[in-house]
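One-letter residues, chain by chain:
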Protein chains: 2
Amino acid sequence: MATRMASTQDDLRRLNRARLLRHLHERGSARRSDLVAVSGLNRSTVGVLVSELSDAGLVVEAAGAPGQVGRPSLLVAPVQTSAVVVAFDLRVDCTIVALVGLGGHELWRREQSHKRAKYTPASAVKNIVSLTRQALDQAPNDAVWVGIGIGVPGVVDHDDGLVRQAPNLGWSDVPLGDLVRSALVEEFGEAPYLAIGNDADLGAVAEHVRGVGADHSNLIFLSGEVGIGGGVIIDGRPMLGAGGFGGEVGHMVVHPGGSACRCGARGCWETEIGSDALVRAVDRANGMETIEEVIAAAMAGEARARAAVDQAGEWLGLGLANLVNLFNPEVIVLGGHLRLLLPLVEAQVREQVSHALSAARDQVRLEIPALDADSTLIGASEIAFDRLLADPITVVTEPYHATAS
Amino acid sequence: MATRMASTQDDLRRLNRARLLRHLHERGSARRSDLVAVSGLNRSTVGVLVSELSDAGLVVEAAGAPGQVGRPSLLVAPVQTSAVVVAFDLRVDCTIVALVGLGGHELWRREQSHKRAKYTPASAVKNIVSLTRQALDQAPNDAVWVGIGIGVPGVVDHDDGLVRQAPNLGWSDVPLGDLVRSALVEEFGEAPYLAIGNDADLGAVAEHVRGVGADHSNLIFLSGEVGIGGGVIIDGRPMLGAGGFGGEVGHMVVHPGGSACRCGARGCWETEIGSDALVRAVDRANGMETIEEVIAAAMAGEARARAAVDQAGEWLGLGLANLVNLFNPEVIVLGGHLRLLLPLVEAQVREQVSHALSAARDQVRLEIPALDADSTLIGASEIAFDRLLADPITVVTEPYHATAS
């Protein structure tokens with residue numbers, strides 16, 4: 001009985017209300033008849049639940065486009081200014097923040113650079129509070145602030161937001177959840193629902209809900225930065241593993257005896273295809289210091305860059321074949337610099353992936369992110385909405401009015 | 001809204017009834033108060049549901065051991081002779097069959113050898129029908145035959161029981177589900193619920209329900225035979241992937257450029273640690289033809305056997321470290337010959353697994369199966385019970401009486 005299910009009629013009503021709002025949040029407005037069809041509920045139940053959501057100000061019914069017989073049908077739509085979250089994508093060299101309304105509408109955003117080695121947990125927390133203040137200043141009147149979501153390039157404990165290891169930030173065992181919560185309480189008097197996740201896990205969530213994986217239940221998102229992160233969606237749900245640490249594809253050993261990795265192993269996938277690895281493989285004296293420069297040089301036919309890219313393509317393909325055999329996904333999304341790399345190494349990747357077992361290989365597509373570089377940021381906004389979307393009525397009656405501060 | 005949930009009160013009642021019976025089937029008898037506690041339902045609802053299950057003959061209430069205050073409390077127990085399944089473990093060199101009653105009690109079993117290269121689909125189907133007949137002849141009077149479950153060492157489509165690839169049986173694209181169903185209809189007039197799964201997937205189910213993973217939600221089962229299969233339980237549920245082909249850990253490449261694998265790749269995990277690989281690595285002129293002989297020789301200090309085992313230990317550890325990073329499991333169960341190999345190579349395995357990221361590494365235990373060599377067989381019986389356990393009352397009113405044939 002490990003699975004959580006509705007046990008009582010109250011639970012059932014709350015669950016069904018939550019399901020309808022999640023559907024509207026993720027898929028946009030819908031006719032009542034659509035909601036009847038997708039939910040399996042009867043028409044009168046849908047009517048009651050929509051009224052409750054409408055009374056709470058979370059949805060509105062309005063005339064939509066004319067239907068087939070010419071009469072405009074009523075559309076139930078999420079009210080994007082009713083509930084907002086603040087979402088963060090903490091990167092090695094910048095912090096991106098967005099204010100996002102119900103339905104996934106980005107209402108405001110900002111990007112702030114920082115020095116790569118100097119982003120301490122203390123300065124990150126200070127930044128988060130100050131940027132949250134700026135975001136909330138942009139929130140519509142009467143919007144309820146229902147959550148804050150943060151993506152981190154590291155191993156994160158979902159339950160308490162403890163960052164176990166974020167080697168590329170130089171952080172280890174940083175209680176980011178506690179630090180942010182305390183700082184928010186100090187600034188705002190109280191703190192809303194706070195969710196912290198691994199950057200690639202959040203990228204997977206976003207591409208699954210709003211990106212190339214919207215129609216698929218099994219998806220892997222690869223964040224290609226200094227490190228290679230992985231987020232895995234299985235059967236429509238994030239695969240977390242025992243402690244939320246699953247999907248660390250960057251530390252899958254693909255080249256035993258290969259380059260030493262920060263993690264202590266050798267020949268990890270990220271030591272072979274991470275951006276640092278590619279830059280390192282090219283003579284820095286050539287003046288190439290970024291992955292974009294290396295890729296541009298390879299495209300221009302520069303020999304060392306081309307060789308480094310070709311080699312990375314082999315390892316990329318080998319690792320992808322492993323993931324196909326292990327997870328049988330419908331889509332693998334190549335984020336970060338991998339989306340720049342892929343077009344240059346399609347031949348190598350195709351050859352390597354051809355060695356995966358045919359049953360799984362026939363079902364997979366390789367894609368670049370539909371959300372460009374925003375997958376993690378959007379995923380952070382999605383997890384920030386989780387509490388509202390689990391229990392809408394209770395949450396909006398709580399006192400986190402964005403404009404109350 | 002991809003997840004199936006109760007939408008109506010009828011659904012809810014059926015789900016709750018199913019949950020209670022599954023709990024009793026998996027965990028054995030329980031007091032009504034235990035059922036109240038684990039289900040979250042109230043006492044009167046539990047009472048009604050238990051009565052319904054009791055009226056259907058699936059459970060019985062009887063005096064159990066005295067409670068703390070000395071009064072014997074009523075125990076609700078599954079009736080093991082009320083519903084039975086026939087379970088098969090098809091192996092490369094033998095077929096094992098069991099008749100299993102509700103609650104997981106093995107009522108009868110038989111093992112039948114066959115020649116390794118000569119087990120065609122036709123002979124397998126003929127065997128299955130004949131052994132099913134023998135099993136049902138042992139079924140208690142009035143037992144309802146609710147299903148048949150079959151484990152196959154290959155890539156299986158769960159929906160229709162199509163065996164896509166079973167290289168070690170020499171099968172490909174064998175519609176085993178259709179063949180068995182037709183043959184059963186011919187023999188018995190009709191066929192019960194039929195479920196076919198990959199051997200390692202079923203091993204994972206069994207070890208999760210009744211074995212070393214009973215208290216864990218994230219588990220990997222490795223079937224170590226000629227090939228290396230993997231079954232993965234994530235968040236309490238089998239990880240299937242898009243087509244049910246996930247968990248093919250045996251074809252994770254750990255040694256690029258290593259030995260050629262039947263799958264077309266090189267250096268797959270199973271070419272490095274499969275039983276054939278180990279036997280091949282030792283001089284066959286020494287007279288060692290089975291993995292048991294190689295392991296015995298290694299234990300006795302024979303140099304080539306010891307070297308082969310040591311090398312396999314390195315690859316075993318490297319692959320395990322990958323699985324720890326990718327899946328963050330609480331338990332990895334080493335089945336088949338891997339459970340014999342593990343004690344000989346603990347040092348190599350420990351060293352390799354020490355390179356997994358600490359957050360995930362700290363949470364994992366390596367175990368040998370609690371169900372010995374029966375994990376797949378027991379898993380096959382579990383999936384055969386799935387239809388009954390999803391909708392108990394409907395299923396037992398259907399006409400598959402084991403003794404009716």
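Residues numbered from 1 in each chain as written. Chains lettered and ligands numbered in written order. Predicted model: local features only at pLDDT ≥ 70, side-chain atom pairs only at ≥ 80, totals over all residues.

Draft legend 1. Broad picture of the overall build of chain A. When helices and strands are tallied, chain A shows 16 helices and 16 strands. In terms of overall size, chain A behaves like a compact globule, its C-alpha atoms giving a radius of gyration of 23 Å where 405 residues would be expected to give roughly 22 Å. Seen along its three principal axes, the alpha-carbon backbone of chain A occupies a region of about 65 × 50 × 45 Å. Counting every position in chain A, which comprises 405 residues, the buried fraction comes to 53%. Counted over contacts in chain A with a minimum sequence separation of 6, partners at least 24 positions apart contribute 63%. (Helix = DSSP H or I, 4+ residues; strand = E, 2+ residues; numbered from the N terminus. Rg over C-alpha atoms; globule rule 2.2 N^0.38 Å. Buried ≥ 20, exposed ≤ 12 C-beta atoms within 10 Å, placed from the backbone. Contact = placed C-beta atoms within 7 Å.)

Draft legend 2. Geometry of the interface of chain B and chain A. Between chain B and chain A, the contact holds 53 residues from the first and 53 residues from the second. With six residues, the single largest contributor to the side of chain B that touches chain A is helix α10 (residues 303–327) of chain B. Residue classes in the side of chain B that touches chain A are distributed as 27 nonpolar, 22 polar and four charged. (Nonpolar A, V, L, I, M, F, W, Y, C, P; charged D, E, K, R; others polar.)

Draft legend 3. How the structure looks around the environment of A98 of chain B. All names here are of chain B. For A98, the location among the structural elements is in strand β5 (residues 94–101). Along the chain, A98 and I378 lie 280 residues apart, while their C-alpha atoms are 8.6 Å from each other. In contact with A98, other than residues within four places in its own chain, are A87, E106, W108, R109, L377 and S381.

Draft legend 4. Region of the structure containing the relation of the copies chain B and chain A. Expressed as a screw operation, the relation of chain B to chain A combines 0.0 Å of axial shift with a rotation of 180°, fitting to an RMSD of 0.1 Å. Such a combination of rotation and displacement between the chain copies is what one expects of a two-fold axis. Of every C-alpha in chain B, the one belonging to V254 of chain B sits nearest the axis of rotation, 3.1 Å from it. Looking at chain B, 100% of its interface residues are interface residues in chain A too, so the copies touch through the same face. (Least-squares fit on C-alpha atoms with pLDDT ≥ 70 in both.)

Draft legend 5. Inspection of the nonpolar core at higher detail. In terms of nonpolar packing, the biggest core is built from 256 residues, with L222 and V294 of chain A together with A87, L222 and V294 of chain B touching the most fellow members. Filtering out sequence-adjacent residues up to four positions away, L222 of chain A remains in contact with A200, I228, G230, V249, I332, V333, L334, G335 and L338 of chain A. (Core = buried A, V, L, I, M, F, W, Y, C linked by C-beta atoms within 7 Å.)

Draft legend 6. Seen up close, the domain arrangement of chain A. As assigned here, chain A comprises domain 1 (9–78), domain 2 (84–201 + 375–404) and domain 3 (212–369). When each unit is reduced to the centre of its C-alpha atoms, the spacing between domain 1 of chain A and domain 3 of chain A is 41 Å. (Domains from an automatic or database assignment.)

Draft legend 7. Here's a closer look at the sheet that holds strand β7 (residues 144–152) of chain A. Residue and element names in this part refer to chain A. Reading across from one edge, β6-β5-β4-β7-β11 is the order of the five strands in this open sheet, with mixed pairing throughout. Across the chains shown, the open sheet's two edge strands, defined by having one partner strand only, are β6 (105–113) and β11 (194–198). The sheet shows a mean angle of 15° between the axes of neighbouring strands, direction not considered. Across five bridges, the pairing between β7 and β11 is parallel. In the strand pairing of β11, I150 is matched with I196. Here helix α6 (residues 199–210) sits on the sheet and contacts β4 (83–90), β7 and β11; the angle it forms with β11, its principal contact strand, is near 100°. (Pairing = 2+ DSSP bridges. Axes fitted to C-alpha atoms, helices over the stretch in contact; angles between N-to-C directions.)

Draft legend 8. The pairing of strand β7 (residues 144–152) of chain B, seen in detail. Residue and element names in this part refer to chain B. Of all nine residues in β7, nine are buried, a share of seventy percent or more. When strand β4 (residues 83–90) meets β7, the two strands line up parallel, connected through seven bridges. Counted as the bridge partner of A83 is V144 from β7.

Draft legend 9. Region of the structure containing the packing of helix α10 (residues 303–327) of chain A against helix α12 (residues 346–353) of chain A. All names here are of chain A. Where α10 meets α12, the closest approach of the two axes is 8 Å, and the angle between their N-to-C directions is 35°. As for how α10 packs across α12, the hand of that crossing is right-handed. Contact residues: D310, G313, E314, L316, G317, L318, L320, A321 and V324 in α10; Q348, V349, E351, Q352 and V353 in α12. When the residues that make up the contact of α10 with α12 are grouped by side-chain class, the tally is seven nonpolar, four polar and three charged. (Left-handed = near helix turned anticlockwise from the far one by under 90°.)

Draft legend 10. Inspection of the confidence of the model for chain A at higher detail. Residue and element names in this part refer to chain A. Per-residue pLDDT for chain A has a mean of 90; in total, 93% of the residues score no lower than 70. Per-residue pLDDT, averaged within each element of chain A, yields its smallest value for strand β2 (residues 59–66) (79) and its largest for strand β15 (residues 331–334) (98). Interface confidence for the predicted complex, given as ipTM, is 0.89, next to a pTM of 0.89. (pLDDT = per-residue confidence, 0-100.)

Draft legend 11. How the structure looks around the environment of E351 of chain A. Relative to the helices and strands, E351 of chain A is located in helix α12. With 37 residues separating them in the primary sequence, E351 of chain A and E314 of chain A have C-alpha atoms 8.6 Å apart.

Draft legend 12. Summary view of the sheet that holds β15 of chain A. Residue and element names in this part refer to chain A. Strand order in the open sheet formed by five strands is β14-β13-β12-β15-β16, and the pairing between neighbours is mixed. Bordering the open sheet on either side are β14 (237–238) and β16 (365–367), each of which pairs with just one other strand. As paired strands, strand β12 (residues 219–224) and β15 are joined by four bridges and run parallel to one another. Bridge pairing in β15 links L219 to V331.

Draft legend 13. Layout of the pairing of strand β15 (residues 331–334) of chain B. All names here are of chain B. Across the two faces of β15 the burial is the same, with V331 and V333 and I332 and L334 all buried. Bridge count between β15 and strand β16 (residues 365–367): three bridges; the pairing is parallel. Each bridged residue has a counterpart across the sheet, and for V333 the counterpart in β16 is E367.

Draft legend 14. Looking closely at unusual backbone geometry. Residues and elements named next belong to chain A. Positive phi is not limited to glycine here, since D142 has a value of about 70°. Structurally, the position occupied by D142 is in the loop between α4 (121–137) and β7. Using a count of 12 C-beta atoms within 10 Å as the deciding quantity, one classes D142 as exposed.

Draft legend 15. Representation of the packing of helix α1 (residues 9–27) of chain A against helix α3 (residues 43–55) of chain A. All names here are of chain A. Relative orientation of the contacting elements α1 and α3 amounts to 70°, with a least axis distance of 10 Å. One way to sum up the angle between α1 and α3 is to call them roughly perpendicular. Of the residues in α3, those touching α1 at N16, R17, L20 and L21 are L49, V50, E52 and L53. Of the residues that constitute the contact of α1 with α3, the class distribution is five nonpolar, one polar and two charged. (Parallel < 35°, antiparallel > 145°, perpendicular 65-115°, else oblique.)

Draft legend 16. Quick look at helix α9 (residues 291–299) of chain A. Residues and elements named next belong to chain A. By the burial criterion, the buried members of α9 are I291, V294, I295, A297 and A298. Projection of α9 onto a plane perpendicular to its axis shows the buried side chains occupying an angular sector of 160°, all on one side. On its buried face, α9 is in contact with α8 (275–281), α10 and α11 (338–341). (Arc of directions from axis to C-beta.)

Draft legend 17. Spotlight on helix α14 (residues 375–384) of chain B. Counting buried residues in α14 of chain B gives ten out of ten residues, a clear majority hidden from the surface. Along α14 of chain B, the positions that sit buried rather than exposed are S375, T376, L377, I378, G379, A380, S381, E382, I383 and A384 of chain B.

Draft legend 18. Main features of the environment of V249 of chain A. Note that V249 of chain A resides in the loop between β14 and α7 (269–273). As for V249 of chain A and T290 of chain A, which are separated by 41 residues in sequence, their C-alpha atoms are 23 Å apart. Beyond its immediate stretch of four places on either side in the chain, V249 of chain A contacts L222, I228, G230, W269 and L323 of chain A together with L326 of chain B.

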